[in-house]
Structures are given as C-alpha cells and as structure tokens.
Amino acid sequence: MNSELESIFFLSIWIGAWIEKRIGQGVKGVISYVVIYFIVTTFLFIFTNGIEVWFINQMFSFFNTYLLLGMLYVFFIYWKSSEQKT
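In short, a report on the structure. Computed from a predicted structure; not experimentally measured.

Cut-offs and rules
Residues numbered from 1 in each chain as written. Predicted model: local features only at pLDDT ≥ 70, side-chain atom pairs only at ≥ 80, totals over all residues. Heavy atoms only, no water. Helix = DSSP H or I, 4+ residues; strand = E, 2+ residues; numbered from the N terminus. Expected span 1.5 Å × (residues − 1). Buried < 20%, exposed > 50% of the residue type's maximum accessible area, 1.4 Å probe, protein only. Arc of directions from axis to C-beta. Phe/Tyr/Trp six-rings, centres within 6.5 Å; stacked < 30°, edge-to-face > 60°.

### Digging into helix α3 (residues 27–47)
Moving on, step 1. With 21 residues, α3 should cover 30 Å at 1.5 Å per step; its first-to-last C-alpha distance of 30 Å lies within 8% of that length.
Moving on, step 2. Within α3, the full set of buried residues consists of G29, S32, Y33, Y37, T41 and L44. Across the axial projection of α3, the buried residues extend over an arc of 160°, all falling on one side. For α3, exposure combined with an orientation more than 90 degrees from the buried face picks out V27, K28, F43, F45 and I46.

Here's what the structure looks like:
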C-alpha cells in the first residue's frame, strides 16, 4: 500500500478500520461510512454556522474535503487492497 497516502488519510483509515471490524466492507460498511460522514459534516456545519471569520470557515471546509477524499480513499484503495490480501 502507499504509505504516504496512508499517513495523510490516517483519520479516514482509522474510521474505515473501525467500520470494517464491526460491520464489514460490503454495502453495509459503505452505507455506514457515508452516514457517519454526513453526520460529522452536519455537526461541523451547525457548529460553524454563526461564525463569520473566513479563516475558520475555510479551515472547516478543508476538513470536510479531507474527510470526503479520505472516505473515497478507503473505499477504492484501502478496502480493495485489503480484499486482495485475503
């Protein structure tokens, strides 16, 4: 696996490993990960809704994008490579 990408997306891989251990990698795992993503981003949006500081809004926007890209990395690369090992 690509250790540089794994070090970048460590939070998403950690969430993906937790979901994989409890639910699995299949459709239920993907749906669970997407639901967790939407819950987290919704709470971040609610938390930053009244804040009018552009830097904080940009920071949370980048964090949401980081979570989305990490989720896609887990789906298409991390889980696929772990399926090939077994």
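Once you've had a look at it, read on.
### Re the packing of aromatic side chains
Moving on, step 1. Summed over the entire model, instances satisfying the criterion amount to eight aromatic pairs.
Moving on, step 2. Note on F9 and Y66: the rings are 5.8 Å apart at their centroids and 25° apart in plane angle, and the pair reads as stacked. With F9 in the loop between α1 (3–8) and α2 (10–22) and Y66 in helix α4 (residues 54–85), the pair connects residues that are 57 residues apart, well separated along the chain. Considered together, F9 and Y66 belong to a single accessibility category, that of buried residues.
Moving on, step 3. The rings of F9, F63, Y66 and Y73 are connected pair by pair, giving a single aromatic cluster.

### Details of α2
Moving on, step 1. Across its 13 residues, α2 extends 18 Å between first and last C-alpha, which sits within 8% of the 18 Å expected from 1.5 Å per residue.
Moving on, step 2. All buried positions along α2 are accounted for by S12, I13, I15, G16 and I19. Take α2 and look down its axis: the buried residues cluster within an arc of 160°, on one side only. In α2, the exposed positions that point more than 90 degrees away from the buried face belong to F10, W14, K21 and R22.

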